[in-house]
There are 2 protein chains.
Amino acid sequence: MQTALSTSGLSHAPSATLLREYPAARTNEAPILGTTRILAKDEQIFTEGDRAAFFYKVVSGAVRTSKLLSDGRRQIDAFHLPGDIFGIESGEEHRFTAEALGSATVVVYRRCSLETLACSDGAFAHQIVAAMMRSLERAQDHMMLLGRKSAAEKIATFLLDMDRRLSDRDHVDLPMSRTDIADHLGLTIETVSRSLTQMERQGLIELPSHRRTIVLANRAALRSLEA
Amino acid sequence: MQTALSTSGLSHAPSATLLREYPAARTNEAPILGTTRILAKDEQIFTEGDRAAFFYKVVSGAVRTSKLLSDGRRQIDAFHLPGDIFGIESGEEHRFTAEALGSATVVVYRRCSLETLACSDGAFAHQIVAAMMRSLERAQDHMMLLGRKSAAEKIATFLLDMDRRLSDRDHVDLPMSRTDIADHLGLTIETVSRSLTQMERQGLIELPSHRRTIVLANRAALRSLEA
DNA sequence: CGCCCGCTTGATCTGACTCAAGTCAAGTGG
DNA sequence: CCACTTGACTTGAGTCAGATCAAGCGGGCG
């Protein structure tokens with residue numbers, strides 16, 4: 001598996017760079033090598049209950065990790081954007097399903113057990129632990145949102161978060177459907193739609209195409225709505 | 001680094017034993033020493049924004065960690081029971097408030113930075129990482145509960161979880177108030193109360209004293225209610 | 001060949017109505 | 001007295017059903 005010549009200028013992590021060496025063939029940079037995998041829209045990366053032999057880092061596109069209840073109700077715990085690591089488990093099995101939101105590319109790393117991790121190369125271990133901590137912090141903030149915020153507050157928080165993580169200047173191009181947003185925020189698709197429409201009426205946002213581009217016209221007002 | 005002769009018989013963790021050496025004076029057992037601290041009911045251990053110089057393990061009693069919204073709405077992210085570790089942060093500040101539920105005892109450990117952690121003693125680091133992973137897994141399961149479960153399902157899940165974690169045979173002695181339960185499950189105190197009353201009417205539980213003792217009369221039915 | 005048009009499809013939006021959970025205000029009992 | 005329960009009423013968000021919008025497809029035709 002030969003790596004493309006140029007991964008030049010691909011700094012996709014907004015925060016600290018994690019695991020720089022995603023091209024598969026770059027040997028000796030880290031104790032664990034990664035191979036890239038290209039995914040089609042909605043392609044499944046792993047399911048709840050799968051043996052957790054690997055973990056992943058998003059290179060391009062976006063990934064959702066979700067859980068299902070027996071009757072089909074779904075909770076999307078997180079959206080993973082370029083630079084984000086997902087699929088780390090302490091047990092033997094994946095506790096989520098991971099699917100590509102659109103077409104996407106991920107790097108696959110062989111799982112290292114927690115024991116191995118702690119003893120292995122410090123810098124590498126540190127990156128993994130940092131990714132875990134970030135997941136934990138996001139999950140904790142999200143519990144506040146799910147348990148205590150109103151629909152409008154949830155949407156405002158979500159939009160500002162997406163803006164921060166993937167803003168193209170003044171607008172956000174969401175990689176996910178309304179259904180995904182609803183299942184992430186603990187709402188229904190109708191409530192998501194109505195909230196967005198109302199925010200547009202109030203001049204907080206613009207929805208130019210009835211699709212996935214959203215212009216944040218008044219970030220300050222959104223922030224005050226966030227609660 | 002000498003290991004102690006005897007960390008005799010003090011296994012309070014229901015799961016894998018973590019950090020056995022809480023008595024303060026036992027030197028040289030681990031790279032980080034713990035001193036015990038005794039807390040009164042509702043005493044604050046740290047608040048959101050405090051410098052995160054220490055982390056903690058519950059010895060006896062119970063602790064809640066919570067976040068507040070500007071208008072006072074509260075979300076309790078977790079209850080910590082004997083053996084549980086809380087207060088680990090990746091940043092410089094605590095992101096939660098921690099308070100004792102009743103009178104409680106905790107061991108205080110000096111914080112080690114993530115960098116130090118990764119390089120330090122393998123067994124110790126492993127215990128910390130395992131505690132973080134457990135927090136993450138609990139948070140993830142709790143997001144499913146907060147986002148997608150009904151009031152009855154939330155209560156059933158909560159009761160079974162408490163039963164598992166501190167069951168005294170057939171009944172549970174809850175260490176927290178209805179208000180705490182409500183703020184943990186994303187409900188109001190009235191809804192918690194009504195749900196419990198209804199479960200009693202249906203014969204799923206018994207509330208002998210109108211207080212914090214709950215008899216789980218029909219665990220199987222509770223489990224099917226859990227969704 | 002390339003364009004237009006009608007049809008289909010998938011996603012989103014909207015309106016009318018329902019209901020689970022919240023709010024407010026008394027009780028109750030340990 | 002304080003934590004908890006209960007009842008009466010309200011409401012935010014869900015459900016159901018249908019409309020709208022934007023793409024994509026395929027065939028006929030200039």
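Above this text is the structure in question.
Since we're looking at a predicted model, the values are computed, not measured. (Residues numbered from 1 in each chain as written. Chains lettered and ligands numbered in written order. Predicted model: local features only at pLDDT ≥ 70, side-chain atom pairs only at ≥ 80, totals over all residues. Heavy atoms only, no water.)

### Comments concerning the protein's contact with DNA strand D
- Around DNA strand D, the structure places 19 residues, and the nearest of them are Thr191, Arg194 and Arg211 of chain A together with Arg178 and Thr197 of chain B.
- In DNA strand D, atoms within 4 Å of the protein come from the sugar-phosphate backbone in 67% of cases.
- Here a base nitrogen of DNA strand D sits 3.2 Å away from a polar atom, N or O, in the side chain of glutamate 190 of chain A.
- A distance of 2.4 Å separates a phosphate oxygen of DNA strand D from a polar atom in the side chain of threonine 191 of chain A.
- Secondary structure elements with two or more residues in the surface near DNA strand D: α5 (189-201) of chain A together with α5 (189-201) of chain B.
- In terms of residues, the surface near DNA strand D owes the most to one element, α5 of chain B, which gives four residues.
- Here the surface near DNA strand D is built from residues that sort into two nonpolar, 10 polar and seven charged. (Near = heavy atom within 4 Å. Polar contact = N/O pair within 3.5 Å; in protein donor to acceptor, adjacent residues only side chain to side chain. Helix = DSSP H or I, 4+ residues; strand = E, 2+ residues; numbered from the N terminus. Nonpolar A, V, L, I, M, F, W, Y, C, P; charged D, E, K, R; others polar.)

### Let's talk about the packing of helix α3 (residues 151-166) of chain A against α5 of chain A
Residue and element names in this part refer to chain A.
- As a packed pair, α3 and α5 sit with axes 10 Å apart at the nearest point and diverge in direction by 75°. Judged by the inter-axis angle, α3 sits roughly perpendicular to α5. Residues Ala151, Ala152, Ile155, Ala156 and Leu159 of α3 pack against Thr191, Val192, Ser195, Leu196 and Met199 of α5.
- Tallied by class, residues from the contact of α3 with α5 come to eight nonpolar, two polar and no charged. (Axes fitted to C-alpha atoms, helices over the stretch in contact; angles between N-to-C directions. Parallel < 35°, antiparallel > 145°, perpendicular 65-115°, else oblique. Contact = heavy atoms within 4.5 Å.)

### A look at the relation of the copies chain A and chain B
- Expressed as a screw operation, the relation of chain A to chain B combines 0.0 Å of axial shift with a rotation of 180°, fitting to an RMSD of 0.0 Å. These values place the two chain copies in the arrangement generated by a two-fold rotation axis.
- When you check the interface residues of chain A against chain B, 100% turn up at the interface there too, and the contact is symmetric in its surfaces. (Least-squares fit on C-alpha atoms with pLDDT ≥ 70 in both.)

### Brief notes about helix α4 (residues 178-185) of chain B
- Of all eight residues in α4 of chain B, seven are buried, a share of seventy percent or more.
- Glycine 186 of chain B occupies a position one or two residues after α4 of chain B and carries a positive phi of about 70°. (Buried < 20%, exposed > 50% of the residue type's maximum accessible area, 1.4 Å probe, protein only.)

### Description of the protein's contact with DNA strand C
- Around DNA strand C lies a shell of 17 residues, among which Arg178 and Thr197 of chain A together with Ala151, Thr191 and Arg194 of chain B are the nearest.
- At the protein interface, 67% of the atoms of DNA strand C within 4 Å belong to sugar or phosphate.
- Taking arginine 194 of chain A, its side chain carries an N or O atom lying 3.0 Å from a base nitrogen of DNA strand C.
- In this structure, threonine 197 of chain A approaches DNA strand C through a side-chain N or O atom, which is 2.6 Å from a phosphate oxygen.
- Where the surface near DNA strand C is concerned, the elements lending two or more residues are α5 of chain A together with α5 of chain B.

### Here's the deal with the interface of chain A and chain B
- The partner chain B presents 43 residues to the 43 residues of chain A that form the contact.
- Of the roughly 3900 Å² buried at the junction of chain A and chain B (both faces included), carbon and sulfur atoms supply 66%.
- Three residues stand out in chain A for area buried against chain B, namely Met143, Met144 and Arg148 of chain A, and they jointly supply 19% of the buried area on that side.
- If you look at where chain A meets chain B, you find eight salt bridges.
- Between aspartate 183 of chain A and arginine 148 of chain B there is a salt bridge, with its nearest N and O atoms 2.8 Å apart.
- Summed over the shared surface of chain A and chain B, the number is 22 residue pairs in polar contact (both at pLDDT 80 or more).
- Counting only elements with at least two residues in the side of chain A that touches chain B, the list comes to β4 (63-68), β5 (74-80), α1 (114-119), α2 (122-148) and α4 (178-185) of chain A.
- Broken down by element, the side of chain A that touches chain B gets its largest block of residues, 18 residues, from α2 of chain A. (Buried area = accessible area lost by both parts, 1.4 Å probe. Salt bridge = Lys/Arg side-chain N within 4 Å of Asp/Glu carboxyl O.)

### Quick word on the pairing of strand β11 (residues 213-216) of chain A
Residues and elements named next belong to chain A.
- Here strand β9 (residues 171-173) pairs with β11 via three bridges, running antiparallel. Across the sheet, histidine 171 pairs through a bridge with valine 215, a residue of β11.
- Pairing of strand β10 (residues 205-206) with β11 involves two bridges; the strand directions are antiparallel. Within β11, the residue paired with isoleucine 205 across the bridge is leucine 216. (Pairing = 2+ DSSP bridges.)

### Describing the pattern of salt bridges
Residue and element names in this part refer to chain A.
- Following the criterion strictly, the structure yields 34 salt bridges over all chains and no others.
- Across the salt bridge formed by arginine 73 and aspartate 71, the nearest N and O atoms sit 3.0 Å from each other.
- Residue aspartate 71 is classed as exposed on the basis of its relative accessible area, which comes to 52%.

### Notes on unusual backbone geometry
Residues and elements named next belong to chain B.
- Of note, arginine 169 is a non-glycine position whose phi angle comes to about 60°, a positive value.
- You can see arginine 169 is positioned in the loop between α3 (151-166) and β9 (171-173).
- The phi dihedral of alanine 227 falls on the positive side, at around 70°, and the residue is not glycine.
- Take alanine 227: it is sitting in the segment after α6 (219-225).
- Taking the relative accessible area as the measure of exposure, alanine 227 reaches 34% and is therefore partly exposed.

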